[in-house]
Amino acid sequence: MKKTIALILLLVSAMLFGCTQKGGAQPSGGQPGTQPKVTAAVEDIAADELAKQIPSGEENFTELDDILVGMAS
Amino acid sequence: MRKNVLFVTVFIMLLFAVAIAAPKPDNAGMGNESEDKGMQGNGSANATVITNKERVRANIPINVSNLPVAAQIRTQIHQVFLTGRGIAVNPENELDFRYIRIITGRVLVSPNNISEESSNSADLEVTCINTTAKERCYPLVRAGVLYLDEERYNLRNIDVDNESATASIYKNDTEVGSIALVKVDKMDAEIWAGKLTVSGTTYYAYILGLQHQLRVTAEVQERVQEYKACGPKLPSVNATEISSCKKEGGRIYIGRDENGCPMAPTCVKTSCPPVTPVSAQLRVRCRNQGGTLVGGVDDDGCPVSQKCLLASGETAG
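Residues numbered from 1 in each chain as written. Chains lettered and ligands numbered in written order. Predicted model: local features only at pLDDT ≥ 70, side-chain atom pairs only at ≥ 80, totals over all residues.

Peer 1: Would you mind going over the overall build of chain A in detail, with residue names and values included?
Peer 2: Secondary structure summary: chain A contains 3 helices and 0 strands in total. Reading the secondary structure of chain A in the N-to-C direction produces α-α-α. Burial status across chain A gives 11% buried among its 73 residues. (Helix = DSSP H or I, 4+ residues; strand = E, 2+ residues; numbered from the N terminus. Buried ≥ 20, exposed ≤ 12 C-beta atoms within 10 Å, placed from the backbone.)

Spelled out as structure tokens, the structure:
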């Protein structure tokens, strides 16, 4: 009986060990040096980076007000 | 029997210990969001600029002095051409106006982020420098973002110099319009005025240029600020014209007449040398080394031969 339990425990531990190793491994891309395929246009990747710097629109229009008033006078 | 149980328990513990201690593979490859490996990359102090052509019209030169020397190239803004906010007004309906926010510039991108379809983009410029031992190349992309009210558009086919800017407007990979602006200095402020067409509607656009730490600043020729004499003419450019100009390896340029008034945008073309296609052998070799084939255009807008770039920017193959 105890032998059976020991055997089951051994099998379970071996299975767990295998799962742990598989989970830690990098998703296989096949051959070494193979990269995941990029699908996004490089202009869009660059635009996303620039978008982080876009004027928020929360600024007031003081400068523009000044200019428009100056132009009108 | 107890010995057996003890042995099994110890064995299990050992297995787990090995599993936890096993080194995880590096997350190399895409994204390049991994930490920089310090500044031990190629020193740029003695760098020799290879693609250091004279400035051409409708293209602000790449600032080679502030290219990063980190081991891996990461996506980051390199230069800002124009950033600002303003108003676009429909001349046929004064109450039809949009709030504009815009930013355009050059962005350094990792070679690994360049798709095969993008590798010959007209907005992609590759600048290479020679260090003591190797050649290192930097893929830079001219890009832009335009907000009309809350709606975002991306800009492509960007041609910009210190006095004018033109671009195609894209929404979800579809060309929906174009923009052409000229710079006007008024009251010590920089205003970009022009026309923008989006989804069939044309607006007069007035953008107040804002400062940015990466903003390209250059001495601009002083002009007599009598733009009233220019008449009611603002440059406009057709999206189709931009596309055909780009296909032929040209740049859109807005010239000025003797009074400093902007003239109609034209496509400036130079005779582009033929591009040698990469061999199948190099293609395979590049892929096996984990590199990316990157082409793009030169300062004049002419397509250039593809090079195999590693994530570090070094050439391979």
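Peer 1: Tell me about the sheet that holds strand S13 (residues 292–294) of chain B, residues and numbers included.
Peer 2: Judged by pairing direction, the sheet is antiparallel, and its 3 strands sit side by side in the order S13-S14-S15 (chain B) without closing on themselves. A single partner strand is all that each edge strand has here, and the edge strands are S13 and strand S15 (315–316) of chain B. (Pairing = 2+ DSSP bridges.)

Peer 1: Pulling in residues and values, what's your account of the pairing of strand S10 (residues 201–209) of chain B?
Peer 2: All names here are of chain B. As paired elements, strand S2 (residues 76–90) and S10 share 6 bridges and run antiparallel to each other. Looking at the pairing, Ala88 lines up with Ala205 of S10. Relative to S10, strand S9 (residues 189–198) is paired through 8 bridges, and the arrangement is antiparallel. Looking at S10, one finds that Lys195 is bridged to Tyr204. Between S9 and S10, which follow one another and run antiparallel, lie 2 residues, and Ser199 among them has a positive phi close to 50°.

Peer 1: Residues and numbers for the nonpolar core, please.
Peer 2: Among the nonpolar cores identified, the biggest contains 66 residues, and Ala46 of chain A together with Ala205 and Ile207 of chain B are the most heavily contacted of them. A per-element tally of this core places strand S5 (residues 135–148) of chain B first, with 8 residues. Residues within four places of Ala205 of chain B in sequence aside, it is in contact with Gly86, Ala88, Ile100, Ile179, Leu181, Ala193, Gly194, Lys195 and Leu196 of chain B. (Core = buried A, V, L, I, M, F, W, Y, C linked by C-beta atoms within 7 Å. Contact = placed C-beta atoms within 7 Å.)

Peer 1: I'd like a description of the environment of Arg74 of chain B, backed by residues and values.
Peer 2: Residue and element names in this part refer to chain B. Assignment of secondary structure puts Arg74 in the loop between strand S1 (48–49) and S2. With 18 C-beta atoms packed within 10 Å, Arg74 lands in the partly exposed category. Between the C-alpha atoms of Arg74 and Ser312, which are 238 residues apart in sequence, the distance is 9.0 Å.

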